[in-house]
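Results of the structural survey
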Amino acid sequence: MANKQLEAEQTEDKNITVPVSEKFMLSIREASEYFSIGTKKMRRLAEDNIGRFAVCSGNRYLIIRAKFEKFIEESSAV
C-alpha cells in the first residue's frame, strides 16, 4: 500500500507544469495566448525573426519571451 503511494507521488513530480509567465521559451500557441496575438500572426512573426526572438527546432518555432516583450515595446505595430 505504501509502495503504491510512493509511486503515485513520483509520477506526479514528473508532470510539473510551469506557469507561462515563468517560462523562458514559449510555443506559438502559448505565445499567442499570452500576448493576445493570433497564432497565424505569431507564426509569421517567428518565421521572419529567427535569431531575433524566435528559434526553430525542427519544424517547431519557439519564442523567447523576454526578447519578444522587448520587440513589442520597441515596435509601434505588430
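Overview of the structure. (Residues numbered from 1 in each chain as written. Predicted model: local features only at pLDDT ≥ 70, side-chain atom pairs only at ≥ 80, totals over all residues. Heavy atoms only, no water.)

**Regarding helix H4 (residues 65-74)**
Those residues of H4 not exposed but buried are Arg65, Phe68 and Phe71. One side of H4 holds all its buried residues, which, seen down the axis, span an arc of 120°. More than 90 degrees from the buried face of H4, the exposed residues found are Lys70, Glu73 and Glu74. As for H4, its buried residues are in contact with strand S1 (25-27), helix H2 (28-35), helix H3 (39-48) and strand S3 (60-64). (Buried < 20%, exposed > 50% of the residue type's maximum accessible area, 1.4 Å probe, protein only. Helix = DSSP H or I, 4+ residues; strand = E, 2+ residues; numbered from the N terminus. Arc of directions from axis to C-beta. Contact = heavy atoms within 4.5 Å.)

**Describing the packing of H2 against H3**
Where H2 contacts H3, the two axes come as close as 9 Å, and the packing angle between them is 115°. With respect to H3, the element H2 is oriented roughly perpendicular. Crossing of H2 against H3: the hand is right-handed. Across the interface between the two elements, Ile28, Arg29, Ala31, Ser32 and Phe35 of H2 pack against Thr39, Met42, Arg43 and Ala46 of H3. Considered class by class, the residues forming the contact of H2 with H3 number five nonpolar, two polar and two charged. (Axes fitted to C-alpha atoms, helices over the stretch in contact; angles between N-to-C directions. Parallel < 35°, antiparallel > 145°, perpendicular 65-115°, else oblique. Left-handed = near helix turned anticlockwise from the far one by under 90°. Nonpolar A, V, L, I, M, F, W, Y, C, P; charged D, E, K, R; others polar.)

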